[in-house]
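Working through the structure, step by step
For reference, the chains in residue letters:
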Amino acid sequence: MIHVISAANAQSYQPQLEAMHRLRWKAYIEERKWSELREMQAEPGFERDQYDDARAFYLLPLGDDGDVLGSMRLRSTVDGSLLGDRFRHLVDDADRLEPRPDVWEFTRILRAPECRDRDGAVRFAMNCALIEFCLSRGIRRVVASCDSFIFPTTRRAWGRKVAPLGLPKPYPEGEVMALELTPDVEALYAMRQAGGIREPQLYEHPAAYAINPISLCCAARGARASLAEAA
Amino acid sequence: MSAEFRAALEFIELAENSRDLEELREALEHVLQGFGVSHFTLARMHRPRDGAAQFTVSIRGVPEAWAEYYWSERFFNFDSVVQLSLQRPLAFSWTDIDRSRLSKASKNLYGEVRDALHVDGGFVIPTHDENGLTGLVALYHEQPELAKQARQALKLIALYGIERANELFFEQGSPPAPTQCPLSLRQREILAFAAAGKSETDTGEILGISSTTVREHLQNLRATLAVRTKMQAVAIAVHQGWIKP
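This structure is a prediction, so every number in the text was calculated from the model and none was measured.

1. Remarks on the environment of Ile-157 of chain B
Residue and element names in this part refer to chain B. In this fold, Ile-157 is placed in helix 6 (residues 148–171). A sequence separation of 32 residues divides Ile-157 from Ile-125, and the C-alpha atoms of the two residues are 9.6 Å apart. Ignoring any residue separated from it by four or fewer positions in sequence, one finds Ile-157 in contact with Ala-8, Phe-11 and Val-31.

2. So, the domain arrangement of chain B
All names here are of chain B. By domain assignment, chain B separates into domain 1 (3–171) and domain 2 (185–240). For domain 1 and domain 2, the distance between their C-alpha centres works out to 28 Å. Contacts between domain 1 and domain 2 engage 13 residues on the former and nine residues on the latter. Mapped by element, the contributors of at least two residues to the side of domain 1 that touches domain 2 are helix 4 (80–87) and strand 5 (132–141). A total of three residues in the side of domain 1 that touches domain 2 trace back to one element, the largest contributor, which is helix 4. Looking at the side of domain 1 that touches domain 2 residue by residue, the classes come out as eight nonpolar, five polar and no charged.

3. Describing the interface of chain A and chain B
Contacts between chain A and chain B engage 18 residues on the former and 20 residues on the latter. Considering only residue class, the side of chain A that touches chain B consists of six nonpolar, three polar and nine charged.

4. A look at the packing of helix 9 (residues 211–225) of chain B against helix 10 (residues 230–240) of chain B
Residue and element names in this part refer to chain B. Look at helix 9 against helix 10: their axes get within 10 Å of each other, and the N-to-C directions meet at 60°. Accordingly, the angle class assigned to the pair helix 9 and helix 10 is oblique. Here the hand of the crossing between helix 9 and helix 10 comes out left-handed. Along its contact with helix 9, which presents Leu-218, Leu-221, Arg-222 and Leu-225, the element helix 10 presents Lys-230, Ala-233 and Ile-236. The class makeup of the residues in the contact of helix 9 with helix 10 is five nonpolar, no polar and two charged.

5. What about helix 9 of chain B?
Residues separated by three or four positions in an α-helix point in the same direction, a consequence of the helix having 3.6 residues per turn. All names here are of chain B. With 15 residues, helix 9 should cover 21 Å at 1.5 Å per step; its first-to-last C-alpha distance of 21 Å lies within 8% of that length. Taken as a whole, helix 9 has its buried residues at Val-214, His-217, Asn-220, Leu-221, Ala-223, Thr-224 and Leu-225. Contact partners of the buried residues in helix 9: helix 4, helix 7 (185–195), helix 8 (200–207) and helix 10. Two residues or fewer past helix 9, Ala-226 is found with a positive phi of approximately 55°.

Rules of the game
Residues numbered from 1 in each chain as written. Chains lettered and ligands numbered in written order. Predicted model: local features only at pLDDT ≥ 70, side-chain atom pairs only at ≥ 80, totals over all residues. Helix = DSSP H or I, 4+ residues; strand = E, 2+ residues; numbered from the N terminus. Contact = placed C-beta atoms within 7 Å. Domains from an automatic or database assignment. Nonpolar A, V, L, I, M, F, W, Y, C, P; charged D, E, K, R; others polar. Axes fitted to C-alpha atoms, helices over the stretch in contact; angles between N-to-C directions. Parallel < 35°, antiparallel > 145°, perpendicular 65-115°, else oblique. Left-handed = near helix turned anticlockwise from the far one by under 90°. Expected span 1.5 Å × (residues − 1). Buried ≥ 20, exposed ≤ 12 C-beta atoms within 10 Å, placed from the backbone.

Encoded structure:
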């Protein structure tokens, strides 16, 4: 299940948000060694940037125990975007970056090391959830900048629903390119087929809910332990 | 829109609409001619769930006689282009390769390529995903160097070309690549001694070659099988029946 977290319900997900920032530190600072990003960090062990604000949405795959298995950040281009503000040179046609409420950017897409298996179960679930999120909010296009080594798996998952926005460009730790995704119903159908997924993946817990989804996870864990003990 | 990006987009459109590998080859040939590339090869790394990774050429844009000669001589075993592609995801030209560290056979190969294809430059575009090398496009051209924008466009072309070649390969229902042993007789001998617990020095003495040569063979066969350690190579070779346990 992929949980939607925003300013509206962040209070219920504080441990998961902290775990996400730790995961991002491991992925970007320790594994990919992004030196410039490291210099920007105020708190070692947690990766954050200016786009982690009240307008950001996070799609987090959570395990049965509420553990964070990956992360994805989304925001409307109207609210400012990494691609528009810092990586405009990656986009050949500037019109594609015109801020629009139906064009969002997704960034900081990653999976925990234990979920980077070749079956890609978490990857397909995250992609399905992304499309479901976009369909629920009338988002017509999603733009992103990503390392070019991410492109092959993106192309395999999205087929013709992914298009380059410009040529790949080198940066000190690798090579980056800008992409555009079309998250429509066709894409959702194809993604579910490819990933063997039958149910909706997105779980959005409105802030008004009386039951905290994390407590549900804990309850499920307790129930499972009781059943195991009884067996 | 830059001319290079437009050329890449045109190729992507043609590639997406290609119905088979021959049509993809034609699309690739067409776009590469615009960049002054006279010959090319597109190779894919197939990683089956169980078994050894297989490096196979899917599209040949070189004279058939040269391609046959290259494969019959197992040049890929010591071709520095293949070995460097396994290690790094960024494109490189022949001039980026440190020739002083190459084996004599590997150095000679450059001369052979130049003579056979009448080219002065080579540009190699490996593509990687999270699991490592997914394929490479090797380009041979008359100019010693390509312009920066052209290099970037060619990277995008390679990314799409290799992914589309993969799709077409499986859509066409082609039989899986042959599991014939990609190792030379000498490499199999050395691997068999490694499986028997012999050191590189022992193996060298038995075969009458230096331990450095043994190490070089081991390095090459690890690159061919796309594995990191000698024991991983042994495991694959035993599993495939190339050496006896």
